[in-house]
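Coordinate inspection notes
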Amino acid sequence: MKLATRLAALSAAVVLVAACSNGASGVPTQAGASAPATQAAPTAEASLVTIAPPTDLITEGTLTDCVDIEYPPMEFFPPDVTDPNQAIGFDVDAARAVADRLGLDLEIRNTAFDALIPDLQAGRCDIVWSALYVSETRLEVADAVPYMATGQVVMVPIGNPPGITQESDLCGRTISIQGGGLVQERAEAASAACEAAGSQPIDIQAYETVAEELQQIIGGRVEAVWETDTAVLNFQFSHPNEYEVAYALPRDDNYGVYYEKGSTDVGDALTAAIAALKDDGTLATIAQQYGMDPAILEVVE
Amino acid sequence: MSRYLPPQEGDPPLAHRILDPEVIAELQALPAEVPVIEAIDVHREYGAHRVLRGVSFSIGRGEVKAILGPSGSGKSTLLRCIALLEPLDGGQVRIEGALVGARDAGGGRLEPLSESAVARQRLDVGMVFQRFNLFPHLTALGNVMIGLTEVRGLSRQDARVVADTMLERVGLGHRRLFYPSELSGGQQQRVAIARALVMKPKVMLFDEPTSALDPELVGDVLRVMEELAREGMTMVVVTHEIGFARGVANRVLMMDDGQIIEEGPPDAFFESPQQPRTRRFLEAVR
Amino acid sequence: MSFDVDVFITALFSRALREGVVLTIALTVVSFGVGLAIGLVIALMRGSRYAALRAAGWTYIWLFRALPTLILLFLVWYGLPQLVPALRGPGFEPFLAAAIALSVNEGAYAAEIIRGGLLSIDDGQRVAARALGMQPASVFRRIVFPQVVRVITPALSNDFITLLKLTSLAYALSLRELLTMAQIQVSSSFRFAEWYGAAAIYYLVLVSVFMLIQAWFERRYVWASQRRGSRFGVLRGFGGAAR
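A brief look at the structure comes next. Just so it is clear, the structure is predicted and the values come from calculations on it, not from any experiment.

Examining the overall build of chain C
A count of helical and extended segments in chain C gives 10 helices and 0 strands. Listing each helix as α and each strand as β along chain C from the N terminus yields α-α-α-α-α-α-α-α-α-α. Each of the 243 residues in chain C was classed as buried or not, and the buried ones make up 49%. Taking contacts inside chain C between residues at least 6 apart in sequence as the whole, the part at least 24 apart equals 71%. Carbon and sulfur atoms form 67% of the exposed surface of chain C, whose accessible area is close to 11700 Å².

Next up, the structure:
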């Protein structure tokens, strides 16, 4: 446990540094601006396939990946592209690299967020690689391979007008969040803590999509946004020098690639491929391409 | 109040022939000793209400019979039963002596025929309704043609010729491309008569044909009916037009409460009605 | 927030919305067509002599008007493959599932509209047709049905337009129709007004075109020998019926 705490602290520090510099190491990719033409070149070519592909696939020779292609920088479309198989983003590029490693074709199914796990359960996907948190509730119905550590941050306008530096500073403030997930649980708990301490509760406005949630701070209707670091990162790229991270929560959640519960065939191949791609630096390259710190690939145990 | 008027000066001339000579010949060739159509002890009830209580009625070749009576007496129902438009709850209908609408199931029982089979038998009977019941989505010509194309199987061209001719004869050739909503009541009823006549029925039934018409239009329709009678068509007319009944019918019947209570030649019927209910009714309508 | 006209124009002609609208139109037309056919069958069942058919018709209408469309979509997408093994493969596309769900849904509403139309036809029409010796099928086809069509057209047009917008619910099945496409673009560009504005223009155009079609269709049911022509005759539809 001590190792994990140290890693978490290190990650948090890294994020703070990264956030305060309002950018990240490496070339940032602006969503919706220039189309990144280069993907991370897969270091494995067909002749270097070293990992046996799973056999229990929906379509032989193809890895079917369900993704909600609406979440830069993890998965999104370049301008004027609508074909899911030409989507870009960390999750998509990494999935392509994994498929290459396994000697499989990649078939991306653009799937609504709420339908991701249900479609996996219904046998329409081999994997779901779509920036989903590894959570207890999901693990009850599917299995996952963690691939990225992530956490949330609270973002404010540049200059931090409401002067927020920690969670208790949120009491009595208006914030926007994406509803129905981990953030909602934590925000509500924080609000309860405010009241217990005799302060005003937090005015929590929950929205269905990240875009709506972020629209509120653009419009000045909320003072802060509580959201996942990756989404905030992307938003900052498209609105440079307008927003900053007030503080970051410990990065103790993971994104995971989900696969059908009990399907060890797929799970083992996935784990091996991801480990291999991490070892040879492929994943790190992809991360940097989208402006993310490769350190986050050290997943929380 | 009689609204029947014989043809006046200045009225548009009516073709002297509504029916083709062949048709007239056919009508005259119908057997004289067998009723063209008859109802034998017909019963009809709607739930608990008995509308026809054992009515027997017959009409012979070339006869014109008028049926009078108060509303609710069962006149329209009798006509519809004769036209095979309603199932019977008792009794039978015969056309030229042959059972129609049902078949003998043995042991004195009658089994109603399917709608499909009865439809074919209705060709011998033509009916004209109080509210015309023209088809609003068809022109006058279309209305008259549709029976010929759908039922008699004529080609559209042949049907058009026949329909055109008949409309001309009832005095509506110039309005044949108009829709029912563009015709006066009297014109609509004449289209309805033409529609029934082109099917070459053996008997024509009229259910209060002029009751829904404005007074000044009644004459046009009655004149057509009179001409038909003159040409030998067998007709049953339920009407309130005393003048017409007196002037055109061979026999007049009075119905009340589901039964025929009196029948006789027009003069006798109107001059000296036998039944008190008949007398009361005639006094009320004069 | 400012409205960027360039972004709006780009959105208006973007491939995303163009592809989305094709799906929207296709889904609407297919679902409406099949739904109408189902509705006719159900309406006839409800008027049948046989009590079993009447009951079946009533049950269908009850069930598929009660179920919210979204739930119906989920039932077809997730539930149907459980019942019908043939649908478990990748061939069972979101479009097919959405079309099935929306058709079945529309069928229930269309059935009631048609039933109302059948009731509104004066019984004298059927009596007169039968008196001419017409077979039941002819009575329906040539006499009753044309009159029913005229009566039900306004209500069914309403249904069509509603269905057009209801297709956006198919997002839950991952179908990338018009509104979903706009939403996706918004999520990466944050330009709400421009993208939703462009989508709104698409819907406006679609409904306008449909209303013109409806007016043209209704003109064929104006039963008058002289159509009251006017500059706006095409739009007046039934309003122009001569009396």
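On we go.
A word on the sheet that holds strand E1 (residues 62-67) of chain A
Residue and element names in this part refer to chain A. Read from one edge of the open sheet, 5 strands run E2-E1-E3-E10-E4, paired in mixed fashion. Edge positions in the sheet fall to strand E2 (105-110) and strand E4 (142-150), since each has one partner strand and no second. Averaged over all neighbouring strand pairs, the angle between strand axes comes to 25°, with direction disregarded. Two strands pair when backbone bridges link them, and E1 and E2 are joined in this way by 6 bridges, in the parallel orientation. Paired with Val67 across the bridge in E2 is Asn110. Together, E1, E2, strand E3 (127-133) and E4 form the strand contacts of helix H2 (residues 90-101), whose direction differs from that of E2 by roughly 150°.

Regarding the packing of aromatic side chains
Counted according to the given criterion, the structure contains 19 aromatic pairs over all chains. Measuring from ring centre to ring centre gives 6.3 Å for Trp77 of chain C and Tyr78 of chain C, while their planes differ by 65°; the resulting arrangement is edge-to-face. Both residues of the pair, Trp77 of chain C and Tyr78 of chain C, count as buried. Here a set of aromatic residues connected by ring pairs shows up, and it is made of Phe90, Trp129, Tyr133, Tyr147 and Tyr255 of chain A. The positively charged end of Lys65 of chain B is found above the aromatic ring belonging to Phe57 of chain B, 5.3 Å away from the centroid. Sitting above the plane of the Phe135 of chain B ring, Arg195 of chain B keeps its charged end 4.5 Å from the centroid.

Topic: helix H6 (residues 210-218) of chain A
Within H6 of chain A, 7 of the 9 residues are buried, which leaves it mostly tucked inside the rest of the structure. Buried residues of H6 of chain A: Val210, Ala211, Glu213, Leu214, Gln215, Gln216 and Ile217 of chain A, and no others.

Comments concerning the pattern of salt bridges
All names here are of chain B. Here the structure, examined in full by the defined rule, presents 33 salt bridges over all chains. In this structure, Asp89 engages Arg44 in a salt bridge whose closest nitrogen and oxygen atoms are separated by 3.1 Å. On the criterion of sequence distance, the pair formed by Asp89 in the loop between helix H2 (75-82) and strand E4 (90-95) and Arg44 in strand E1 (residues 37-46) is long-range, its members being 45 residues apart. Accessibility expressed as a relative area gives 42% for Asp89, which makes it partly exposed. When its relative accessible area of 10% is taken as the criterion, Arg44 is described as buried. Residue Glu227 is joined to Arg230 by a salt bridge in which the shortest nitrogen-to-oxygen separation is 2.9 Å. Note that Glu227 and Arg230 are positioned in helix H7 (residues 215-230) at a spacing of 3 residues, about one turn of the helix. A network of salt bridges, in which partner residues are shared, links Arg44, Arg80, Glu86 and Asp89.

Rules of the game
Residues numbered from 1 in each chain as written. Chains lettered and ligands numbered in written order. Predicted model: local features only at pLDDT ≥ 70, side-chain atom pairs only at ≥ 80, totals over all residues. Heavy atoms only, no water. Helix = DSSP H or I, 4+ residues; strand = E, 2+ residues; numbered from the N terminus. Buried < 20%, exposed > 50% of the residue type's maximum accessible area, 1.4 Å probe, protein only. Contact = heavy atoms within 4.5 Å. Areas by Shrake-Rupley, 256 points an atom, 1.4 Å probe, with all protein chains shown as cover. Pairing = 2+ DSSP bridges. Axes fitted to C-alpha atoms, helices over the stretch in contact; angles between N-to-C directions. Phe/Tyr/Trp six-rings, centres within 6.5 Å; stacked < 30°, edge-to-face > 60°. Lys NZ or Arg CZ within 6 Å of the ring centre and 35° of its normal. Salt bridge = Lys/Arg side-chain N within 4 Å of Asp/Glu carboxyl O.

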